[in-house]
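Residue strings, one per chain:
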Amino acid sequence: MTALIVAVPVVFTTTAVQAAQAQPAANPQSNAVITWNIHAETAIYEVARQSPTASARSFAIVQGAVYDAVNAIAGTPYKPYLIAPRSRPGDSAPAAVATAAYRVLLWLFPGQADSLRAQYEKSLAAISDGRSERGGIAVGEATAAAMIDARRNDGAFSDATWPVGTAPGQWRPTPPGFLQTGAWFATLKPFVIGDPGDYRSPGPPALSSAAYARDLNEVKTFGSATSTVRTPDQTEAATWWDDPRLVEWAIKRQLATTHRLGTLQTARMFAMVDVAAADALIACYQEKKFWRFWRPVTAIPLADTDGNPATDADPDWTPLRTTAPSAEYPSGHACFTSATTASLRKFFGRDNLSFSAYSADSGTTRRYTSLSKAMAELVQARIWAGVHYRFASKDGDQLGAAVTRDVLNHAFGPRNN
């Protein structure tokens, strides 16, 4: 008899709106950090179409350089990430932000030189010529150069591959593309933490266990493309959270806008989130490579080989959403979103933040009243999407939080602490 756990839906108010309505308009005169974060998203995703994993590295590079530039111009009230170049009173923070972001984006995406240069010139045109602008440019040039030097030859986009197995429980490439991508993130140079291998997860439950059967049967029932049990709201949540134009990007900008953060605090918040998320994914991908556990899209059609009498094979089973070309355990999205929510909680000093974001994939906006409620839904949504077991998302949440705690204990705090 098939064991089954019925997931209790987490319901949030949803409203379909246009993307432009859901995201705050950038104003170069008010917050250059938000403006250049949007430019970064354009370069990283809209043009380069980097994967969510690869984009985590790119955003961390951009926002780390921007943070160091703004922090230096503010008199270095917070610990520098890499450097605190000399600045003079009156140096232009918008010029520093634009220069730092422009230089690292140009290094990351030399093929986008024309469009990036146009954005940079537009930013500088809004700043009065003179010593203030020149000083800001010099600071931005210095922090960008330090970041580029730190990330050169960091292991990005190497030819590393995932270990492939054929035994029950072992990962193998998944449909529809049966690709081998993203394993390089497991050996990427961390941004803050020392050894990513220090962060260990308990591992998947044994294939013969009741816990494994319970979680496999849950995703089999709720995550199927043809599920009759998953509710419309659960389907929407699964799609919303799985949008490759990550909703977390818009949430950061909305929080900065609604809380009226100035340039320095926006730069600090963005750097905290993006650097912690990148390091959480590095540790997460090391664990993926170590455990190399099979995805539901592999396990469910082969359930008659797992030695568990409580699981039944369904050779025609397919997930609601396309499975990412990486090993199953732990969930990378859970690691990433856990790092994001933990960083925001640390920055704002509370969990009860209200925010929303629009997803083009779902065509809707979802709204939340706390970081913990959003994270709880993400864990559920990976099951509803058919791409992860519950244990992979729960353990990814814990790993992401552990890495973030260490990152923020060592970086971005007040300088005198």
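Let me sum up the structure you'll find in this document. (Residues numbered from 1 in each chain as written. Predicted model: local features only at pLDDT ≥ 70, side-chain atom pairs only at ≥ 80, totals over all residues. Heavy atoms only, no water.)

1. Here's the deal with the overall build of the protein chain
Move 1: Within the protein chain, the regular secondary structure consists of 14 helices and 3 strands.
Move 2: Taking 417 residues into account, the globule formula puts the C-alpha radius of gyration at 22 Å, and the protein chain, at 22 Å, falls close to it.
Move 3: Each principal axis of the C-alpha distribution contributes one length, and for the protein chain these read about 75 × 45 × 40 Å.
Move 4: Every one of the 417 residues in the protein chain was classed for burial, and the buried ones make up 57%.
Move 5: Relative to all contacts within the protein chain whose residues are 6 or more apart in sequence, the contacts with residues 24 or more apart total 81%.
Move 6: A total of about 16200 Å² of accessible surface is found on the protein chain, and carbon and sulfur atoms cover 53% of it. (Helix = DSSP H or I, 4+ residues; strand = E, 2+ residues; numbered from the N terminus. Rg over C-alpha atoms; globule rule 2.2 N^0.38 Å. Buried < 20%, exposed > 50% of the residue type's maximum accessible area, 1.4 Å probe, protein only. Contact = heavy atoms within 4.5 Å. Areas by Shrake-Rupley, 256 points an atom, 1.4 Å probe, with all protein chains shown as cover.)

2. Description of the packing of aromatic side chains
Move 1: The final tally for this structure, using the stated rule, is 23 aromatic pairs.
Move 2: Taking 4.6 Å as the distance between ring centres and 40 degrees as the angle between the ring planes, the aromatic pair formed by F157 and W184 counts as tilted. Placement of the pair is F157 in the loop between α6 (131-151) and α7 (210-222) and W184 in the loop between α6 and α7, with a sequence separation of 27 residues.
Move 3: Here F157 falls in the partly exposed class, since its relative accessible area comes to 49%.
Move 4: Ring geometry for W291 against Y329: centres 6.2 Å apart, planes inclined by 90 degrees, an arrangement best described as edge-to-face. On the criterion of sequence distance, the pair formed by W291 in helix α10 (residues 263-291) and Y329 in the loop between α11 (296-299) and α12 (332-348) is long-range, its members being 38 residues apart.
Move 5: Judged by relative accessible area, W291 falls into the partly exposed class, the value being 26%.
Move 6: For Y329, a relative accessible area of 0% translates into the label buried.
Move 7: An aromatic cluster is present here, built from Y212, F290, W291, F293, Y329, Y389 and F391 joined pairwise through their rings.
Move 8: Residue placement shows R49 over the ring face of Y45; its charged tip is 4.4 Å from the ring centre. (Phe/Tyr/Trp six-rings, centres within 6.5 Å; stacked < 30°, edge-to-face > 60°. Lys NZ or Arg CZ within 6 Å of the ring centre and 35° of its normal.)

3. A short note on unusual backbone geometry
Move 1: The linkage connecting P175 with the following residue, P176, adopts the cis geometry, with an omega of 5 degrees.
Move 2: With respect to the helices and strands, P176 occurs in the loop between α6 and α7.
Move 3: Look at the link from Y329 to P330: it is a cis peptide, with omega at -5 degrees.
Move 4: Here the phi dihedral of F412 falls at roughly 75 degrees; this positive angle occurs in a residue that is not glycine.

4. Quick notes on the nonpolar core
Move 1: Membership of the largest hydrophobic core comes to 111 residues, with the highest contact counts inside it found for V66, L105, W241, M269 and F412.
Move 2: With 17 residues, the single largest contributor to this core is α10.
Move 3: Leave out the neighbours within four places in its chain, and F412 touches Y67, Y78, K79, Y81, R268, A271, M272 and V275.
Move 4: Residues F293, W294, A299 and F391 belong to the second largest nonpolar core, which totals 15 residues. (Core = buried A, V, L, I, M, F, W, Y, C linked by side-chain atoms within 4.5 Å.)

5. Details of helix α13 (residues 371-384)
Because each turn of an α-helix spans 3.6 residues, side chains separated by three or four positions end up pointing in the same direction.
Move 1: An ideal rise of 1.5 Å per residue puts 20 Å on 14 residues; α13 measures up with 20 Å between its terminal C-alpha atoms.
Move 2: Burial runs high along α13: 11 of the 14 residues are buried.
Move 3: What α13 keeps buried is the set L371, A374, M375, E377, L378, V379, Q380, A381, R382, I383 and W384.
Move 4: Taken together, the buried residues of α13 touch α7, α8 (232-241), α12, β2 (355-359), β3 (364-368) and α14 (390-410).
Move 5: At the C-terminal side of α13, G386 shows a positive phi close to 80 degrees. (Expected span 1.5 Å × (residues − 1).)

6. A closer look at the packing of helix α2 (residues 32-47) against helix α3 (residues 52-73)
To describe two helices that pack against each other, one gives the angle between their axes and the distance between the axes.
Move 1: Interhelical geometry of α2 versus α3 gives an angle of 150 degrees and a closest axis separation of 11 Å. Considering the angle they form, α2 stands roughly antiparallel to α3. The way α2 lies across α3 gives a crossing that is right-handed. Between α2 and α3, the contacting residues are V33, N37, A40, E41 and I44 on the first element and S55, S58, F59, V62, Q63 and V66 on the second.
Move 2: Each residue belonging to the contact of α2 with α3 can be placed in one class, and the counts come to 6 nonpolar, 4 polar and 1 charged. (Axes fitted to C-alpha atoms, helices over the stretch in contact; angles between N-to-C directions. Parallel < 35°, antiparallel > 145°, perpendicular 65-115°, else oblique. Left-handed = near helix turned anticlockwise from the far one by under 90°. Nonpolar A, V, L, I, M, F, W, Y, C, P; charged D, E, K, R; others polar.)

7. Describing the pairing of β2
Move 1: Of all 5 residues in β2, 5 are buried, a share of seventy percent or more.
Move 2: The side-chain alternation of β2 yields two buried faces, one formed by F355, A357 and S359 and the other by S356 and Y358.
Move 3: The pairing of β2 with β3 spans 5 bridges and is antiparallel. Within the sheet, the bridge partner assigned to A357 lies in β3 and is R366.
Move 4: Between β2 and β3, which pair antiparallel and follow one another directly, the connecting turn spans 4 residues, one of which, G363, has a positive phi of 70 degrees. (Pairing = 2+ DSSP bridges.)

8. Considering the side chain of D91
Move 1: Structurally, the position occupied by D91 is in the loop between α3 and α4 (93-108).
Move 2: A distance of 2.8 Å separates the side chain of D91 from the backbone nitrogen of R88, its partner in a polar contact.
Move 3: Those residues in contact with D91 that lie beyond four places of it in its chain are I73, R131, S132, G135, G136 and V139. (Polar contact = N/O pair within 3.5 Å; in protein donor to acceptor, adjacent residues only side chain to side chain.)

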